Amino acid sequence: MEAYIRVGNESVIAPDYIVNELILKGTNQSFDTLTTDAVKKDYSFTLLEATYLERTGLRFEPSDYVSFGLADKNGVLTNAGKLMTDQHTVYNSRMFCTRWNGLEKGSIFDDALDDKEYEGNLIYLLKSGSEFIRNNSKVRFVKEAQYRVDKPDYAERAVTEALVNALIHRDYIVLGSEIHIDMFDDRVEITSPGGMFGGGSIQEYDIYSIRSMRRNPVIADLFHRMKYMERRGSGLRKIVSETEKLPGYTEAYKPEFSSTATDFRVILKNVNYQLSQKNLVNDQVSEQDKSPDIPHTVLNLCIHLIAHGSEGAQITHAHSIMGTANDKSYDTTHDNLEDDTHQGIHQVSHQDSTPSAVILHLIPHFQLVQKRILRKRVKHIILDRTA
């Protein structure tokens, strides 16, 4: 017997994991409620119990494992219980995090500025994912008259909500699957296995009126008890509302949600991206402003060359006059400067050997060289910023 699902305008044969999920729905069961062959006494739950105490002020009692749906009365763990052990007992309980260089994905070996893989307990994954995003983002600030305003790239609560949404509503049946966090200069993309539990795509719904449907109700209930989420299906709305509170927010930075039959994606936009680009331009202008005045420098340089000759040593001294003696961006133009200067003085000497004639001939050349130096400085600034 075959089952079919809609993909775009077509009906295609449903893969096994979707069929399995349909069977669970038909028997009024979920993946996290199914019992396993793991016995509770063989595993530890230190992180779960410590986090529960920290966030609720209550101790996690032995009876809670049964009442919360993590184990049955015989001490056999459910899938929800296995996902909360300190040990990595569910292979698909993994999270791959990458900070890409730029705005698109590339080679993990050449284009990843940071790359981490986490596996194990769901609380550990939540904390690790949050820490990865925090470590790869910035908190800028704006000075006001008597105080300063912090401007984080992303709202911390929005990040938490997005990660909790990914951990709770993902499909754990899909073999070899994991949650992906992909960070770019202008955004964070959090992608989890499994589409909308109720069918269709999130693009078809209004997130302000969508009803709550939980793929993994036991895990969702536990995270609610630990105050990581609400039980009103308000996670997506919370992501938007928390992002709207950020200084500098505009409608262009509104989070985006998309889904297919096989995955769900949340995109959080860096509200400081345009600001960082603007600051980069300002820094470039500042670097140019620090450069020697071109006409004055060129005039001094030409007079020096005329007075002392055009030997290589004099070119090196001219290099210092131009303010580029320790400038690595100048290195690649040095040889051209020396050759062109010798040639320029030689050409003028056959026409008009007066100092003014030599200066007039060389000024355009040195202005061009100075512009090359400034462009290379800007390039080095950009490379240093992205390194």
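The rules behind these values
- Residues numbered from 1 in each chain as written.
- Predicted model: local features only at pLDDT ≥ 70, side-chain atom pairs only at ≥ 80, totals over all residues.
- Heavy atoms only, no water.
- pLDDT = per-residue confidence, 0-100.
- Contact = heavy atoms within 4.5 Å.
- Pairing = 2+ DSSP bridges.
- Helix = DSSP H or I, 4+ residues; strand = E, 2+ residues; numbered from the N terminus.
- Axes fitted to C-alpha atoms, helices over the stretch in contact; angles between N-to-C directions.
- Phe/Tyr/Trp six-rings, centres within 6.5 Å; stacked < 30°, edge-to-face > 60°.
- Buried < 20%, exposed > 50% of the residue type's maximum accessible area, 1.4 Å probe, protein only.
- Core = buried A, V, L, I, M, F, W, Y, C linked by side-chain atoms within 4.5 Å.
- Expected span 1.5 Å × (residues − 1).
- Parallel < 35°, antiparallel > 145°, perpendicular 65-115°, else oblique.
- Left-handed = near helix turned anticlockwise from the far one by under 90°.
- Nonpolar A, V, L, I, M, F, W, Y, C, P; charged D, E, K, R; others polar.
- Salt bridge = Lys/Arg side-chain N within 4 Å of Asp/Glu carboxyl O.

A.B. asks: Explain the confidence of the model for the protein chain residue by residue, including any values.
C.D. replies: Averaged over every residue, the pLDDT of the protein chain is 78; residues scoring 70 or more account for 63%. Below pLDDT 50 for its whole length, residues 310-335 participates in 54 contacts with residues either more than four positions away or in separate chains.

A.B. asks: Tell me what's going on with the sheet that holds strand S10 (residues 187-193), and back it up with residues and numbers.
C.D. replies: The six strands are arranged S6-S5-S9-S10-S12-S11 in an open sheet whose pairing can be described as mixed. The sheet is open, and its two borders are formed by strand S6 (112-119) and strand S11 (256-259), each paired with just one other strand. The sheet shows a mean angle of 10° between the axes of neighbouring strands, taken without regard to direction. When strand S5 (residues 94-100) meets strand S9 (residues 179-183), the two strands line up parallel, connected through five bridges.

A.B. asks: Can you lay out the packing of aromatic side chains for me, pointing to particular residues and giving the numbers?
C.D. replies: Enumeration according to the criterion identifies eight aromatic pairs in this entry. Between Tyr52 and Phe68, the ring centres sit 6.1 Å apart and the planes meet at 50°, which makes this aromatic pair tilted. Of this pair, Tyr52 sits in helix H2 (residues 46-56) while Phe68 sits in the loop between helix H3 (64-67) and strand S4 (76-78); the two residues are 16 residues apart in sequence, bridging distant segments of the chain. Note on Tyr52: relative accessible area 6%, which makes it buried.

A.B. asks: Mind laying out the nonpolar core, listing which residues take part and the relevant values?
C.D. replies: Considering soluble globular proteins, one finds that nonpolar side chains tend to be buried as a cluster. The biggest cluster of nonpolar side chains holds 64 residues, and the ones touching the most others in it are Leu48, Leu70, Leu122, Ile181, Ile190, Phe223 and Phe257. Residues contacting Ile181, with those up to four places away along its chain left out, are Met95, Phe96, Cys97, Thr98, Gly129, Ile133, Leu163, Val188, Glu189 and Ile190.

A.B. asks: I'd love a proper account of unusual backbone geometry, names of residues and values included.
C.D. replies: Positive phi values are uncommon outside glycine, yet Lys227 reaches one of about 65°. Within the secondary structure, Lys227 sits in the loop between helix H7 (217-225) and helix H8 (235-244).

A.B. asks: Outline the environment of Ile179, listing residues and values.
C.D. replies: Within the secondary structure, Ile179 is located in strand S9. Residues Ile179 and Leu167, spaced twelve residues apart in sequence, show a C-alpha to C-alpha distance of 7.8 Å.

A.B. asks: I'd like a rundown of helix H6 (residues 156-169), residues and numbers included.
C.D. replies: For H6, built from 14 residues, the straight-helix expectation of 20 Å at 1.5 Å per residue is met to within 8% by its first-to-last C-alpha distance of 20 Å. Here H6 lies mainly inside the structure; eleven of its 14 residues are buried. When we look at burial in H6, the residues that qualify are Ala158, Val159, Thr160, Glu161, Ala162, Leu163, Val164, Asn165, Ala166, Leu167 and Ile168.

A.B. asks: Provide a residue-level description of the packing of H6 against H8, including the pertinent values.
C.D. replies: Here H6 crosses H8 at 160°, and the two axes come no closer than 8 Å. Overall, the two elements H6 and H8 adopt an arrangement that is roughly antiparallel. Viewed along their axes, H6 and H8 form a crossing whose handedness is left-handed. Note on element contacts: H8 touches H6 through Gly235, Leu236, Lys238, Ile239, Glu242 and Thr243, opposite Arg157, Ala158, Glu161, Ala162 and Asn165. Each residue belonging to the contact of H6 with H8 can be placed in one class, and the counts come to four nonpolar, three polar and four charged.

A.B. asks: Would you mind going over the pattern of salt bridges in detail, with residue names and values included?
C.D. replies: In the structure shown here, the tally under the stated rule is 14 salt bridges. One salt bridge in this structure joins Arg94 and Glu178, with 2.7 Å as the shortest N-O distance. Highlighted residues: Arg94 in strand S5 and Glu178 in the loop between H6 and S9, separated in sequence by 84 residues. Here Lys245 ties to Glu242 by a salt bridge, and the two come within 3.1 Å at their closest N and O atoms. For Glu242, a relative accessible area of 14% corresponds to the buried category. Shared partners join several salt bridges into a network, and the residues in it are Asp186, Arg187, Glu189 and Arg265.

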